[in-house]
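Inside the fold
Chain by chain, the residues:
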Amino acid sequence: MILDQLDVPIVLAPMAGGPSTAELTVAVAEAGGLGQLAAGYLSATDTAARIAATRALTDKPFGVNLFVPGPRTPTAELTDYLAELGADHELGDAKFDTDDWAAKIDLLVADPVAVVSFTFGCPTAEEIARLHAVGSEAWVTVTSAVEAAIAVDAGADVLIAQGAEAGGHRGSFADRPADDATDPLTLLALTQILTAATNRPLVAAGGIATGAGIAAALAAGAAAVQLGTVFLRCPEAGTNQVHRAALTEDTPTMLTRAFTGRRARGLRNRFIDEHTATAPAGYPEIHYATAPLRAAARAAGNPDEVNMWAGQTHTLAPELPARDLVRTLAVDTKTALESALSRRIQHC
């Protein structure tokens, strides 16, 4: 498996919408981890171009992440919220699409990569079999034991265990407001539960920003960790300047549907405060509707109307080249593991 071939147990999270670049993917891969390209929001044609750009820079294995399409949201469920936003903002078309799903699967069968990972759901067993037939591993993001069982049944090779601490969109198979009253599982809890429930390798994701955090996830049963927020300030990342600046401030994060219609963790700002309570579950329709107002806010340098996805440990993200960051984290992980063994359980 690809995980067994990595020099360091670090996987780059596929951060769609700007931060994901070929350069960032390559830097992580060249440092001994697994780089991933985000294909979310891209056409199959643009995805092919990103893959080609990455291959031109490295011969290391890398992955591509796809968004699993969900159902169309009934228009009536969006009307009130769109009217609320439209009173103060110019909105885009609240359209539905499948994120070019079928064409991207065809692309990755015709032009295989080492890993194809999935967010927002699980592909069918037939789709995973097509990827297996061309030598690709299928990794599925899960947030519960129920989702893990579905992914295993479909043929997933690896489970990405996403804890509540993670920045960006929740990878849950379904986004139901009725579930909001139940606390999402934290990474440590989820990793322990999935280790007991399945024999699939786990990649732990959510709130990890240090070698000590990586060590904790490995000790809990993960084979590797997936890191996103900690890379956002790297020069290779395509993070916009408003977002970069905000990451250095001790701003709390929270889960919201306000920007995209799907629950996601980001830095708290005025837009989140004003609209989280009324935002419906309506992805990708709300995502497309708010695209113009978010673009305008970025251009104006206005952090109050921009989605700044970030995990709970965002203040620990350093401004370092990605290769240096991976190497630093690898050394710190080894030190943390050795320190825990020598200082804490030496008399066992």
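Residues numbered from 1 in each chain as written. Predicted model: local features only at pLDDT ≥ 70, side-chain atom pairs only at ≥ 80, totals over all residues. Heavy atoms only, no water.

Okay, the nonpolar core next. Ile 10, Leu 24, Ile 208, Val 225, Leu 227 and Phe 231 are the most contacted members of the largest nonpolar core, which has 35 residues in total. In terms of residue count, helix α13 (residues 322-344) provides more of this core than any other element does, four residues in total. When residues no more than four places from it in sequence are discounted, the contact partners of Ile 10 are Gly 33, Leu 34, Ile 214, Val 225, Leu 227, Phe 231, Val 326 and Leu 329. Core analysis: the next-biggest nonpolar cluster, separate from the first, contains 29 residues, Ile 51, Trp 101, Ile 105 and Leu 159 among them. (Core = buried A, V, L, I, M, F, W, Y, C linked by side-chain atoms within 4.5 Å. Buried < 20%, exposed > 50% of the residue type's maximum accessible area, 1.4 Å probe, protein only. Helix = DSSP H or I, 4+ residues; strand = E, 2+ residues; numbered from the N terminus. Contact = heavy atoms within 4.5 Å.)

Attention now moves to the pattern of salt bridges. Counting across every chain of the model gives twelve salt bridges. A salt bridge links Arg 270 to Glu 274; the shortest N-O distance between them is 3.9 Å. You can see Arg 270 and its partner Glu 274 sitting in helix α11 (residues 270-275), four residues apart, about one turn around the helix. Glu 274 sits in the partly exposed class, given a relative accessible area of 49%. The salt bridge partner of Glu 305 is Arg 270, with a shortest N-O separation of 3.4 Å. Here Arg 270 lies in helix α11 and Glu 305 lies in the loop between α12 (285-300) and α13, a separation of 35 residues in the sequence. On the basis of relative accessibility, which here comes to 36%, the residue Arg 270 falls in the partly exposed class. One network of salt bridges, with partners in common, ties together Asp 175, Asp 180, Arg 257 and Arg 263. (Salt bridge = Lys/Arg side-chain N within 4 Å of Asp/Glu carboxyl O.)

A word on the sheet that holds strand β5 (residues 137-142). Taken in spatial order, the eight strands of this open sheet run β1-β9-β8-β6-β5-β4-β3-β2, and their pairing is parallel. In this open sheet, the two strands that pair with only one neighbour each are β1 (10-12) and β2 (35-38). Along the sheet, successive strands turn relative to each other by an average axial angle of 30 degrees, direction set aside. Here four bridges tie β2 to strand β3 (residues 62-67), and the two strands are oriented parallel to one another. Bridge pairing in β3 links Leu 37 to Val 64. Sitting on the sheet, helix α2 (residues 22-30) is in contact with β1, β2 and β3, with an inclination near 165 degrees to β2. (Pairing = 2+ DSSP bridges. Axes fitted to C-alpha atoms, helices over the stretch in contact; angles between N-to-C directions.)

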